[in-house]
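# Residue-level structure breakdown
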Amino acid sequence: MRAETQNTIAAIEKSLALLAQRLDYETAPHRLEEFNARVEDPNLWDDATAAQKLMRDRQNLVDGIDNYEKLKQELTDTVDLIELGEMEDDAEVVAEAEASLAELAELAAKKELEALLDGEADGNDTFLEINSGAGGTESCDWASMLARMYVRWAERKGYKVELQSTTPGEEAGIKSASYKISGQNAYGWLKSESGVHRLVRISPFDSDAKRHTSFTSVKVYPVVDDNIEIEVNPADIRLDTYRSSGAGGQHVNTTDSAVRITHHPTGIVVTSSEKSQHQNRDIAMKALKSRLYQIELDKRSALVNEVHENAGDAGWGNQIRSYVLQPYQMVKDLRTRFETSDTQGVLDGDLDGLMAATLAMDVSGMSRADATAED
């Protein structure tokens, strides 16, 4: 069997191992029996909300078992066919089976990615905040480049992108921007982007054409849906209205009714600058609840230290990813060591490889500190 074919088989087996891990395949049949017994309960639909959740959970388990078993059986059948073709010296059979194996590898990789997005809030819409850091005008320009990158990525996914608020830089770019990104698994994908992003390039603002390093922080929070209740004590918040004006352009609003909410216990500040003050209050309150919910998720997941590390000042020592445009071309994630020389592709929104590597690392149970130490 060719080395390339063996590598493809190994990749599929790796995907199957992850699927089995996420499914907890050894206990899956027992859990399905329990679901089936509960479905037969005549009082099930007395609580419609609970019943619907039970049915969704049961169907997800059924689909997970079916996907895993079908992929595993197809791999066995295809490998058997390749071995049979080689035994009979039938090159045509081997070629067809290898083509099927390649298609199976793509399908397995797709199912593997889907399995990575099974967190409590992964399926939710998300808020994305971008804030310029150390570097002045350079950093503001870098923040606008990141905003463009994420908008392009979201558009590739078919997601809806809504600009919530923006603050222009004094000379170029933006000091900050906040977006709501809506679509299936929007939070699940983007949650890996929280942290400080570092850019190294020849500055377009430096007449001496020297290299500059800029930093911008990105923070991601799930949109809290109606099924999740987050209580906010009115005494804990301060609501301010102010005039917001931008430098122009189709995404920039000018309004006298922008809203800023400050949450005193946590120090969280959220803003919204749509045209309606009532709408701004609603948007800002939802954003605040999402931030508070993210804190609760982090506590449940025992990721407080990691989040604290990633949410540090946008400067040296806190970055999660480096984008080097000079003297060479390289984007490297410092948590996973995933890297690519296609810097333009990344800046144009090709982020799935970087995101998937971080999701896979989290699933493996490896901390980001451990991942960094391995290098």
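For the structure itself, look to the data block above.
Please read all numbers here as calculations on a predicted model, not as lab measurements. (Residues numbered from 1 in each chain as written. Predicted model: local features only at pLDDT ≥ 70, side-chain atom pairs only at ≥ 80, totals over all residues. Heavy atoms only, no water.)

Next up on the list: the packing of helix α1 (residues 3-23) against helix α4 (residues 91-116). The geometry of α1 relative to α4 is characterised by a closest axis approach of 9 Å and an angle of 30° between their N-to-C directions. It follows from the interaxial angle that α1 and α4 lie roughly parallel. α1 and α4 meet at a crossing whose hand is left-handed. Along the contact surface, α1 presents Thr5, Thr8, Ile9, Ile12, Ser15, Leu18, Leu19 and Arg22, while α4 presents Glu98, Leu101, Leu104, Ala105, Ala108, Ala109, Lys111, Glu112, Ala115 and Leu116. Taken together, the residues that form the contact of α1 with α4 break down as 11 nonpolar, 3 polar and 4 charged. (Axes fitted to C-alpha atoms, helices over the stretch in contact; angles between N-to-C directions. Helix = DSSP H or I, 4+ residues; strand = E, 2+ residues; numbered from the N terminus. Parallel < 35°, antiparallel > 145°, perpendicular 65-115°, else oblique. Left-handed = near helix turned anticlockwise from the far one by under 90°. Contact = heavy atoms within 4.5 Å. Nonpolar A, V, L, I, M, F, W, Y, C, P; charged D, E, K, R; others polar.)

Let's shift gears to the pattern of salt bridges. Taken as a whole, this structure holds 17 salt bridges when the rule is applied. Here the salt bridges share partners, and the residues they tie into one network are Glu193, Arg321, Asp333 and Arg335. (Salt bridge = Lys/Arg side-chain N within 4 Å of Asp/Glu carboxyl O.)

Moving on, we get to the packing of aromatic side chains. Under the defined criterion, the tally for this structure stands at 3 aromatic pairs. Between the aromatic rings of Tyr25 and Tyr68, the centroid separation amounts to 4.6 Å while the plane-to-plane angle is 50°, which identifies the pairing as tilted. Taken as a pair, Tyr25 in the loop between α1 and α2 (28-39) and Tyr68 in helix α3 (residues 48-87) lie far apart in primary sequence, 43 residues in all. Taking relative accessible area as the criterion, Tyr25 reaches 26% and is therefore assigned partly exposed. Exposure remark for Tyr68: the relative accessible area of 9% places this residue in the buried category. Seen in terms of ring centroids, Trp142 and Tyr323 are 4.9 Å apart; in terms of plane orientation they differ by 70°. Their pairing is edge-to-face. Here the residue Trp142 occupies a position in helix α5 (residues 137-157), and Tyr323 occupies one in strand β9 (residues 319-324), the gap between them amounting to 181 residues. The ring centre of Trp189 lies 4.0 Å from the NZ or CZ of Lys157, which sits over that ring. (Phe/Tyr/Trp six-rings, centres within 6.5 Å; stacked < 30°, edge-to-face > 60°. Buried < 20%, exposed > 50% of the residue type's maximum accessible area, 1.4 Å probe, protein only. Lys NZ or Arg CZ within 6 Å of the ring centre and 35° of its normal.)

This part covers a nonpolar patch on the surface. Residues Val39, Trp45 and Met55 make up a contiguous nonpolar surface patch of roughly 270 Å² in combined accessible area. With respect to the secondary-structure elements, Trp45 resides in the loop between α2 and α3. (Patch = residues over 30% accessible without salt bridge, like charges linked within 9 Å, V, L, I, M, F, W, Y side chains within 5 Å. Areas by Shrake-Rupley, 256 points an atom, 1.4 Å probe, with all protein chains shown as cover.)

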